[in-house]
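Single-letter residue listing:
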Amino acid sequence: MKKHISAFLLLVLCVPWFASFAGATAAPSPAKVSASKGELRADQLMFGYVDPSGKQILGLLGNPEKSHPAPKTLTSVLYASGKTFRATYVKHQKASSKSSYRQSAANFKFDEGELFKLSNPGSKLKSDASVLLQTANAFQGHTFLTFQSEQKGKFNAKTVKAIEKAKNRKVATQGLIATTTNGVQIGIVKFVQGSGKPLASLVLVDRGSMVFQDFVGNSDPYSTWRVDDGGEMGPELFHLIFASSSKAGYALGVEWYGTEGTNLSVIQQKGTKFRVVTEAGRYQAPL
């Protein structure tokens, strides 16, 4: 099967080489990381998805070469920007012989992952939603931003010119993914290719300052960034799980839809660029 992996996100395709994290200890804390500055860490976060009842979450297995949390340290689930439910770790769930190897609600009880349940029996999440499990202090120093998803809005002409100047490339298409209540805009821009490689960027704009996450494509017009994407890159392919700010800068939880599944990433500002904090994926190709 054809597969494209960007520097931004890794699409996890039911990979059997991913080890179980059950019972493992968390990776050592990075040296000199100041929680008061709001620097997010991979060993305090884990993506997951919700079962058909809306009461259980299956944590997605990550790359064993990367920092990861011990499942028992994850005590809540972030399901919208700033909104959390308490969660309790149940066990490591092994893959069943009946598994379709899809990370979807329909295959939830057969899939492999770290099983959690909502602590409050009256709580309920949206079935099949992608969520973020977190430790108690994962977002210390952060202010969560409320936002409105808007896939019909556009950056204004002044902002487009500033983006073109920053990247030294003309914008081909662009659109907003979301706008926060304090006016921060998050959008996706596809640039005219010219003689270089295909380029698109997720852009956060705040009062004239800009933060970029670049997507460098390849020469395949049918699968430029993702399998069977047709060379398209638009805001309708993206969903924000959360947006927050801290002394370290802005942070986003990004869900990127594709033909074969969903890419998931937490990214955080580092100067005028985003760094990837943690990433995972859900393989959901039709049977």
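All values reported here derive from a predicted model rather than from experimental measurement. (Residues numbered from 1 in each chain as written. Predicted model: local features only at pLDDT ≥ 70, side-chain atom pairs only at ≥ 80, totals over all residues. Heavy atoms only, no water.)

**What to know about unusual backbone geometry**
So, step 1. A positive phi angle is found at Tyr101, which is not glycine, with a value near 60°.
So, step 2. Looking at where Tyr101 falls in the secondary structure, it is placed in the loop between strand E4 (83–93) and strand E5 (113–118).
So, step 3. For Asp128, which is not glycine, the phi torsion reads 75° and is therefore positive.
So, step 4. Position of Asp128 among the secondary structure elements: in the loop between E5 and strand E6 (130–134). (Helix = DSSP H or I, 4+ residues; strand = E, 2+ residues; numbered from the N terminus.)

**Examining the nonpolar core**
So, step 1. Of all hydrophobic cores here, the largest spans 22 residues; its most connected members are Ile186, Leu202, Leu204, Phe215, Met233, Phe238 and Leu252.
So, step 2. Elements represented by at least two residues in this core include exactly strand E9 (171–180), strand E10 (185–191), strand E11 (199–206), strand E12 (209–216), strand E13 (238–246) and strand E14 (249–257).
So, step 3. Looking at this core element by element, the count peaks at 4 residues for E14.
So, step 4. Setting aside its immediate chain neighbours within four residues, Leu204 contacts Val184, Gln185, Ile186, Ser209, Met210, Val211, Tyr250, Leu252 and Phe274.
So, step 5. Phe47, Leu60, Leu78 and Leu264 belong to the second largest nonpolar core, which has 19 residues in total. (Core = buried A, V, L, I, M, F, W, Y, C linked by side-chain atoms within 4.5 Å. Buried < 20%, exposed > 50% of the residue type's maximum accessible area, 1.4 Å probe, protein only. Contact = heavy atoms within 4.5 Å.)

**Quick look at the confidence of the model for the protein**
So, step 1. Per-chain confidence: the protein averages 87 in pLDDT, with 87% of residues scoring 70 or above.
So, step 2. Below pLDDT 50 for its whole length, residues 1–33 participates in 88 contacts with residues either more than four positions away or in separate chains. (pLDDT = per-residue confidence, 0-100.)

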